[in-house]
Amino acid sequence: AQTVTQSQPEMSVQEAETVTLSCTYDTSESDYYLFWYKQPPSRQMILVIRQEAYKQQNATENRFSVNFQKAAKSFSLKISDSQLGDAAMYFCAYRSFDAGGTSYGKLTFGQGTILTVHP
Amino acid sequence: GAVVSQHPSWVICKSGTSVKIECRSLDFQATTMFWYRQFPKQSLMLMATSNEGSKATYEQGVEKDKFLINHASLTLSTLTVTSAHPEDSSFYICSAPSRGGTSTGELFFGEGSRLTVL
């Protein structure tokens with residue numbers, strides 16, 4: 001079974017600064033997806049960024065980028081030019097790629113990191 | 001993007017009663033939906049996988065008779081919490097992959113339903 005670990009229960013950053021959220025995972029699969037989801041106080045889950053494991057290039061979405069280290073099974077999220085609206089709980093998540101596997105489609109989440117943005 | 005809608009968003013019920021939560025895919029068909037449970041400031045824990053036209057698959061430790069799941073159509077899955085007790089109070093979230101979503105791996109989430117059992 002896959003596991004996802006977020007070792008930072010809480011992080012804080014000053015507005016306009018950069019912050020990095022850590023995530024490690026454990027799997028025996030070679031193909032999979034990794035995601036970062038954001039959950040603001042409304043509790044609606046919002047996709048921030050996705051990474052396909054077969055892609056070596058790190059995914060980037062505007063101010064959000066990841067550092068994907070497949071061999072180290074690490075998937076950190078960097079938020080640049082932090083904004084007050086970035087304050088939320090962030091979840092790292094893993095999803096199997098294998099359509100024939102029993103775990104297909106399920107997301108396995110990390111424990112979450114609460115991000116506070118100070119003005 | 002694809003939209004998943006949950007209803008109700010907030011429900012309060014008395015202990016011993018049953019509560020039904022609906023999860024609808026509004027602009028796509030979902031043969032599979034996932035039900036998660038989340039306690040305050042904690043992660044999402046998968047409860048069960050809902051399969052259209054067949055029985056749901058429950059995660060270990062989840063009581064099948066307590067949390068009844070029905071996936072009667074390609075756009076609707078329901079979770080019924082039977083004989084609810086205060087310890088069932090939680091935030092329940094459904095999610096679904098769109099048919100086109102299998103190529104991106106993304107799942108789409110409902111708004112969630114907050115259940116409070118008195």
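Everything here concerns the structure above.
Residues numbered from 1 in each chain as written. Chains lettered and ligands numbered in written order. Predicted model: local features only at pLDDT ≥ 70, side-chain atom pairs only at ≥ 80, totals over all residues. Heavy atoms only, no water.

Draft legend 1. Quick peek at the interface of chain A and chain B. Residue-level contacts link 20 residues of chain A with 26 residues of chain B. For the pair chain A and chain B, the two sides together bury roughly 1900 Å², of which 52% comes from carbon and sulfur. Between the two partners, chain A and chain B, sit one salt bridge. A salt bridge links Lys106 of chain A to Glu59 of chain B; the nearest nitrogen and oxygen atoms lie 3.3 Å apart. If you list the elements that add at least two residues to the side of chain A that touches chain B, you get strand 5 (32–39), strand 6 (46–52), strand 10 (88–96) and strand 11 (107–109) of chain A. The element that contributes the greatest number of residues to the side of chain A that touches chain B is strand 5 of chain A, accounting for four residues. (Contact = heavy atoms within 4.5 Å. Buried area = accessible area lost by both parts, 1.4 Å probe. Salt bridge = Lys/Arg side-chain N within 4 Å of Asp/Glu carboxyl O. Helix = DSSP H or I, 4+ residues; strand = E, 2+ residues; numbered from the N terminus.)

Draft legend 2. Quick look at the packing of aromatic side chains. Enumeration over the complete set of coordinates arrives at 15 aromatic pairs over all chains. Residues Phe109 of chain A and Tyr36 of chain B carry aromatic rings whose centres are separated by 5.5 Å and whose planes lie at 85 degrees to one another, so their mutual orientation is edge-to-face. Within this pair, whereas Phe109 of chain A is found in strand 11, its partner Tyr36 of chain B is found in strand 4 (residues 32–38), the two belonging to separate chains. For Phe109 of chain A, a relative accessible area of 9% puts it in the buried group. Residue class for Tyr36 of chain B comes out buried when judged on its relative accessible area of 0%. Taking the centre distance of 6.3 Å and the plane angle of 45 degrees together, the rings of Tyr36 of chain B and Phe109 of chain B count as tilted. Here Phe109 of chain B lies in strand 10 (residues 108–109) and Tyr36 of chain B lies in strand 4, a separation of 73 residues in the sequence. Both residues of the pair, Tyr36 of chain B and Phe109 of chain B, belong to the buried class. In this structure an aromatic cluster arises from ring pairing among Tyr33, Phe35, Tyr37, Phe91 and Phe109 of chain A together with Tyr36 and Phe109 of chain B. Above the face of the Phe91 of chain B ring, Arg43 of chain A is positioned so that its terminal group lies 4.1 Å from the ring centre. (Phe/Tyr/Trp six-rings, centres within 6.5 Å; stacked < 30°, edge-to-face > 60°. Buried < 20%, exposed > 50% of the residue type's maximum accessible area, 1.4 Å probe, protein only. Lys NZ or Arg CZ within 6 Å of the ring centre and 35° of its normal.)

Draft legend 3. Examining the pairing of strand 10 of chain A more closely. All names here are of chain A. In terms of burial, strand 10 is a largely internal element, nine of the nine residues being buried. Relative to strand 10, strand 5 runs antiparallel, the two being bridged by eight bridges. Looking at the pairing, Lys38 lines up with Tyr90 of strand 10. Relative to strand 12 (residues 113–118), strand 10 is paired through three bridges, and the arrangement is antiparallel. The residue of strand 12 that forms the bridge with Ala88 is Leu115. Note: strand 10 against strand 11, three bridges, orientation antiparallel. Across the sheet, Tyr94 pairs through a bridge with Thr108, a residue of strand 11. (Pairing = 2+ DSSP bridges.)

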